[in-house]
Amino acid sequence: MTARITAQAEQPEDPLSALRRVAKLRTELEREEYFEVMRARTAGVSWAGIAAALGVSKQAVHRRFKRRVAGDAQS
């Protein structure tokens, strides 16, 4: 990713186009993160384990994803 950022920095780009590209990448990353969190939960990984993998607190990851997990009775 660093090489990609460096390569893009060397090529001038319209700032608004660059911002749209960044917004699209952010959306893609959020979808991927959500998918992997749900996959981890399905595999039985605890919220604490997911939080550790993401480098955040259990409370932060639980708050962010718990509502999106329908029928999840595990903590």
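Remember, it's a predicted structure, so these values are computed and weren't measured experimentally.

Novice: Describe in detail the overall build of the chain, supporting the description with residues and values.
Specialist: The helix and strand tally for the chain stands at four helices and zero strands. Going through the 75 residues of the chain one by one, you find that 16% of them count as buried. If you take every contact in the chain between residues at least 6 apart in sequence, the share linking residues at least 24 apart comes to 34%. Accessible surface, the chain: about 5900 Å² in total, of which carbon and sulfur atoms supply 57%.

Novice: Break down the nonpolar core for me, citing the residues and quoting the values.
Specialist: If you look at the biggest cluster of nonpolar residues, it comprises eight residues: Val37, Met38, Ala40, Trp47, Ile50, Ala51, Val61 and Phe65. When near neighbours in sequence (up to four residues on either side) are disregarded, Ala40 contacts Val45 and Ile50.

Novice: Describe the confidence of the model for the chain, listing the residues and the values that go with them.
Specialist: When pLDDT is averaged along the chain, the result is 85, and 76% of the positions lie at 70 or above. Mean pLDDT values for the elements of the chain range from 64 in helix H1 (residues 2-10) up to 96 in helix H3 (residues 47-54).

Novice: Break down the packing of H3 against helix H4 (residues 58-65) for me, citing the residues and quoting the values.
Specialist: When two helices pack together, their arrangement is given by the angle between their axes and by how far apart the axes lie. Put simply, H3 and H4 touch, their axes get as near as 8 Å, and they point 105 degrees apart. Taken together, the axis directions place H3 and H4 in an arrangement best described as roughly perpendicular. Residue-level contacts link Trp47, Ala48, Ile50, Ala51 and Leu54 of H3 to Lys58, Val61, His62 and Phe65 of H4. Split into classes, the residues belonging to the contact of H3 with H4 amount to seven nonpolar, one polar and one charged.

Novice: Tell me about the packing of helix H2 (residues 15-42) against H3, residues and numbers included.
Specialist: Between H2 and H3, whose axes approach to 10 Å, the crossing angle comes to 145 degrees. Relative to H3, H2 is oriented so that their crossing is right-handed. On the side of H2, the interface is formed by Glu33, Val37, Ala40 and Arg41, while H3 contributes Trp47, Ile50 and Leu54. When grouped by side-chain class, the residues that make up the contact of H2 with H3 number five nonpolar, no polar and two charged.

Rules used in this analysis
Residues numbered from 1 in each chain as written. Predicted model: local features only at pLDDT ≥ 70, side-chain atom pairs only at ≥ 80, totals over all residues. Heavy atoms only, no water. Helix = DSSP H or I, 4+ residues; strand = E, 2+ residues; numbered from the N terminus. Buried < 20%, exposed > 50% of the residue type's maximum accessible area, 1.4 Å probe, protein only. Contact = heavy atoms within 4.5 Å. Areas by Shrake-Rupley, 256 points an atom, 1.4 Å probe, with all protein chains shown as cover. Core = buried A, V, L, I, M, F, W, Y, C linked by side-chain atoms within 4.5 Å. pLDDT = per-residue confidence, 0-100. Axes fitted to C-alpha atoms, helices over the stretch in contact; angles between N-to-C directions. Parallel < 35°, antiparallel > 145°, perpendicular 65-115°, else oblique. Nonpolar A, V, L, I, M, F, W, Y, C, P; charged D, E, K, R; others polar. Left-handed = near helix turned anticlockwise from the far one by under 90°.

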